[in-house]
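# Summary of the model geometry
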Amino acid sequence: MLPTDAAYGSDRSGLISGYLFHPGTPGQAMDTVQAGHWLEGREAANGAFAWLHFNLANAATERWLRAHIGSVDAFFDALHEGSRSTRIEYAHDALIAVVNDVLYEFDFEPSQIATLWMYVDERTLVSARLQPLRSIDRLRAAVKNGETFDSSVALLTHLLRDQADVLVQIVRAATERVDKVEDSLLVGRVKHSRARLGALRRVLVRLRRLLAPEPGALFRLLNQPPGWIAQGDVHELRHSTEEFSAVLGDMTAVQERIKLLQEEIAAQVTEETNRSVFVLTMVTVLALPINMIAGLLGMNVGGVPLAEHVHGFWIVVAIIASFTVVAAWWAFRGREE
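All values derive from a computational prediction rather than experimental measurement. (Residues numbered from 1 in each chain as written. Predicted model: local features only at pLDDT ≥ 70, side-chain atom pairs only at ≥ 80, totals over all residues. Heavy atoms only, no water.)

## Some points on the packing of helix H1 (residues 32–39) against helix H2 (residues 60–69)
The description of two packed helices rests on the angle between their axes and on the distance between the axes. Across the interface, H1 lies against H2 with an axial gap of 9 Å and an inter-helix angle of 40°. Taken together, the axis directions place H1 and H2 in an arrangement best described as oblique. Together, Thr 32, Ala 35, Gly 36 and Leu 39 of H1 and Trp 64, His 68 and Ile 69 of H2 make up the contact between the two elements. Here the contact of H1 with H2 is composed, by residue class, of four nonpolar, three polar and no charged. (Axes fitted to C-alpha atoms, helices over the stretch in contact; angles between N-to-C directions. Helix = DSSP H or I, 4+ residues; strand = E, 2+ residues; numbered from the N terminus. Parallel < 35°, antiparallel > 145°, perpendicular 65-115°, else oblique. Contact = heavy atoms within 4.5 Å. Nonpolar A, V, L, I, M, F, W, Y, C, P; charged D, E, K, R; others polar.)

As structure tokens, this is what we get:
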């Protein structure tokens, strides 16, 4: 075993974990030397296959993979492409997959969605990531608990199902948050609800944008699968793809629900704004007669009416009150209409 580097969570070659599988038996841990021998084909097959998981944050990872995998240009090109939309391609007699997943400590932040790159052939599944991902951690836990796999494609199928399970948990958590926002909307707490809904919708939109191409890519691949993929694996992979499509449909339904709530909140905010504008308008209209009459009676010129009248003040008050009542009646009558 090569010494590990705790700063990277992998050994000096970037290997986080490696397992050798024989059909029907649990995986056996592999070190970097054994992994190199396996990739170079110096180990007997007999139906066996290996899973090697790497940390791309380690600068030595790509060099080690290029030295042992060979000229798999499609895989290394995918590592450096700017676009990280989910896709699965068949090249170099292997499957090249780019899969998006959420970080291990996912907390509904758009930045907590990262990418997993995979190279899958008949003898090997190589996975590489920059940050710890939740689905791949579930797969590692299953392997450590002694779960058996019959092929590298069975490992890929298990990973996709784990990914679907993680998405189900995300959809459930999102639904609970939407329920809370809906309850707060009913009691009139609109301000905080708008902020929470906006953040939640951004996360779901980003997730769906990155994950939506995955079922289509898998279905296209399964229409003409490589010859080394067994029919049973094709069936299981198709089934997991259908489950994944159903989860994406549930995610779309949550997005539509959020959109409707946002529209309802926007309507309430608009109504409150209109109500505030109406109150300001009423204050202005009702104060208009008072200002006009006060301005006229306050002019320092001769001939001001009622200046010498014993009840002049009360007469002016009655006139102002009459104008105010008429203006208020007209304004509220117009609003009702």
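## A closer look at the confidence of the model for the protein chain
Interpreting fine coordinate detail is not advised for predicted regions of low pLDDT. Here the protein chain averages 81 in pLDDT, while 90% of its residues score no lower than 70. pLDDT under 50 marks residues 1–8. Its contacts with residues more than four places away, or in other chains, come to 13 contacts. (pLDDT = per-residue confidence, 0-100.)

## Let's talk about the nonpolar core
Burial of nonpolar side chains together is a common tendency in soluble globular proteins. Membership of the largest hydrophobic core comes to 32 residues, with the highest contact counts inside it found for Phe 21, Trp 51, Met 118, Phe 149 and Leu 155. Residue assignment for this core shows that the elements contributing at least two residues are strand E3 (15–21), strand E5 (49–55), strand E7 (94–102), strand E8 (113–120), helix H4 (134–144), helix H5 (152–186), helix H7 (213–223) and helix H8 (231–297). Leaving out residues up to four positions away in the same chain, Phe 21 has contacts with Pro 26, Gly 27, Ala 48, Phe 49, Trp 51, Val 143, Phe 149 and Leu 155. (Core = buried A, V, L, I, M, F, W, Y, C linked by side-chain atoms within 4.5 Å. Buried < 20%, exposed > 50% of the residue type's maximum accessible area, 1.4 Å probe, protein only.)

## Focus: the environment of Val 102
Note that Val 102 resides in strand E7. For the pair Val 102 and Ile 315, spaced 213 residues apart in the sequence, the C-alpha separation amounts to 77 Å. Contacts of Val 102, omitting those with residues within four sequence positions, involve Gln 112, Ile 113, Pro 132, Leu 133, Arg 134, Val 166, Ile 170 and Leu 207.

## Observations concerning the environment of Val 316
Considering the arrangement of structural elements, one finds Val 316 in helix H9 (residues 312–336). In this structure, the C-alpha to C-alpha distance between Val 316 and Ile 290, residues 26 residues apart in sequence, is 9.8 Å.

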